[in-house]
Amino acid sequence: MKRYYPWLMAVMGMLVLLVSNGLIVTGLTAFDESLLKEFGWTRSELKLRDLITLVLAGWLAPFLGVVIDKVGPRKLILAGVALLAALYYAYAHVHSLAHLYLIHVGFAAVLVAAGLNVAVIFVSQWFVTQRGTAIGIALVGTSLSGMLFPKLGVQLMQSMDWRAAFLWETAIPVLFLVLAFLFMRSPRAGGIQPWGADKLAAQAAGGNAAAASHGDLSYAQALRTRTFWALAVVAMTTFFSIMAASANLFLHMRDLGFEPAQAGNGLGLMFGLAMVGKFVFGLLADLFQAKYVFLFNIALMAAGGFCMTTMNAELIWFALILFGLGWGGLYTMVQLLAVNAFGLTSAGKILGTITLLDATTAGLGVWLAAKISDLTGSYAPAFQLICALLLVALVAACFVRDERRVAA
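Cut-offs and rules
- Residues numbered from 1 in each chain as written.
- Predicted model: local features only at pLDDT ≥ 70, side-chain atom pairs only at ≥ 80, totals over all residues.
- Heavy atoms only, no water.
- Salt bridge = Lys/Arg side-chain N within 4 Å of Asp/Glu carboxyl O.
- Helix = DSSP H or I, 4+ residues; strand = E, 2+ residues; numbered from the N terminus.
- Buried < 20%, exposed > 50% of the residue type's maximum accessible area, 1.4 Å probe, protein only.
- Polar contact = N/O pair within 3.5 Å; in protein donor to acceptor, adjacent residues only side chain to side chain.
- Contact = heavy atoms within 4.5 Å.
- pLDDT = per-residue confidence, 0-100.
- Disulfide = S-S within 2.5 Å.
- Phe/Tyr/Trp six-rings, centres within 6.5 Å; stacked < 30°, edge-to-face > 60°.

**Here we look at the pattern of salt bridges**
- What the rule picks out here adds up to 6 salt bridges.
- In this structure, R254 and E33 form a salt bridge, with 3.2 Å as the shortest nitrogen-oxygen distance. Linking R254 in helix α13 (residues 226–255) with E33 in helix α2 (residues 32–39), this pair joins segments that are 221 residues apart in sequence.
- We classify E33 as partly exposed; its relative accessible area is 22%.
- Members of the salt-bridge network, linked through shared partners, are D32, K47, R49 and D50.

Set out below in structure tokens:
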């Protein structure tokens, strides 16, 4: 059991993202129509909540990145999940836009404390080899959440109002908090070794230390590399596209004439294929050169985005397949390439800074796509913008390289 403990921690990383991203980023979309009907807000007024959450999460990330590097991810995850439970309870009693926005300020703290960067660093600590596969398993949680939580929200609201549904969903972070407290651990000296640590030690003992490990880059060194800024541009453009498309997909499909259950299925399909993409492309990155897998993921997303620009209801399922698979692989590759290129020593600050940039554009994407729909009566211009940004990402990805190897 101890030998395979790192893989259990990869699964725990998946559950962290299932709960935090699922309840904040994807699960809320099922409640959009109910909120719009009850309060009479415009779509852009409602979606401003996501801009607030993601932008604040981005700006908090570098500061909490310092905390991650010093105290480790476990304590942050526990605190973040506890806060999430309290905020979901508050969501069931929301009464105004100001109240809504205040809750989403709190969600920003949750996404930083128990979100993507912390989960990636937590899992990476447990793996010296097969890190791509492990990160892919962890990031499956973000896609699995998109499959489960929108459908759960729709299902609950068939037998109760949206406020009661929020109260029922509050039990999810409470239960996970207990699970995380009991089972989540970080590697420590004299304890269970990270996966592949024995191979690394054997290489070093055999006089092949250079092959066994390249020196980690400091935060200042990473900022001076072309890879950091190439990854930042890719993250900014693709996360804008991902969030703009996924956060507005339910309403977009309703505009195309799909029933609520079908729109929920659309979200489930996209997130389900993203789940497959995260695992499959994470595995492929351990077998082939990660950069080429990275480029292929962006190309798949761009093809799916192009299909969405046609506004053809018959093409929406094909578009979701391409977009979902590409998104899933890309999500894994950005994190993996950053850890591989710069190492783990300053990973909290490095990933935190990238998050500052991509979360800002992601939040802008959610709000801007909704604003475009308000102004033009269509999401078509928003999807055209997404296609253009994905082409920029494809060019930027060509400049990514392993900076630790270059420095050595």
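More follows now that the structure is in view.
**Observations regarding the side chain of S124**
- Summarising the element assignment, S124 is placed in helix α6 (residues 116–125).
- Reaching out from S124, the side chain makes a polar contact with the backbone oxygen of V120 at a distance of 2.7 Å.
- Discounting residues that sit within four places of it in the chain, S124 has contacts with R131, I135, V339 and L344.

**Topic: the confidence of the model for the protein chain**
- Taken residue by residue, the protein chain gives an average pLDDT of 85. The fraction at 70 or more is 93%.
- Within the protein chain, no element has a lower average pLDDT than helix α11 (residues 209–212), which sits at 44, and none a higher one than helix α8 (residues 162–169), at 96.
- Confidence over residues 209–213 falls short of pLDDT 50; this stretch has 7 contacts with residues more than four positions distant or in other chains.

**Some details on the environment of K47**
- Counting through the fold element by element, K47 comes out in helix α3 (residues 43–71).
- Taking the C-alpha atoms as reference points, K47 and Y331, 284 residues apart in sequence, are found 23 Å from one another.
- Apart from residues lying up to four places away in sequence, K47 is in contact with T29, D32, A247, N248, V366, W367 and A370.

**Let's talk about the side chain of N248**
- Looking at where N248 falls in the secondary structure, it is placed in helix α13.
- Polar contacts involving the side chain of N248 include one to the side chain of Y379, which spans 3.0 Å.
- Not counting the four nearest positions on each side in its chain, N248 is found in contact with K47, M243, G365, V366, A369, A370 and Y379.

**So, the state of the cysteines**
- Scanning the model with the defined rule gives 0 disulfides in all.
- Here C307 stays free of any disulfide, with the sulfur of C387 as its closest cysteine sulfur at 8.7 Å.
- A residue is classified by how much of its surface remains accessible, and C307, at 11% relative accessible area, is buried.

**Re the packing of aromatic side chains**
- Considering all chains together, one arrives at 16 aromatic pairs under this definition.
- Measuring from centroid to centroid gives 6.3 Å for F39 and W162, while their planes differ by 65°, and the two rings are edge-to-face. Highlighted residues: F39 in helix α2 and W162 in helix α8, separated in sequence by 123 residues.
- Seen in terms of ring centroids, F228 and W229 are 4.9 Å apart; in terms of plane orientation they differ by 85°. Their pairing is edge-to-face.
- You can call F228 buried: its relative accessible area is 0%.

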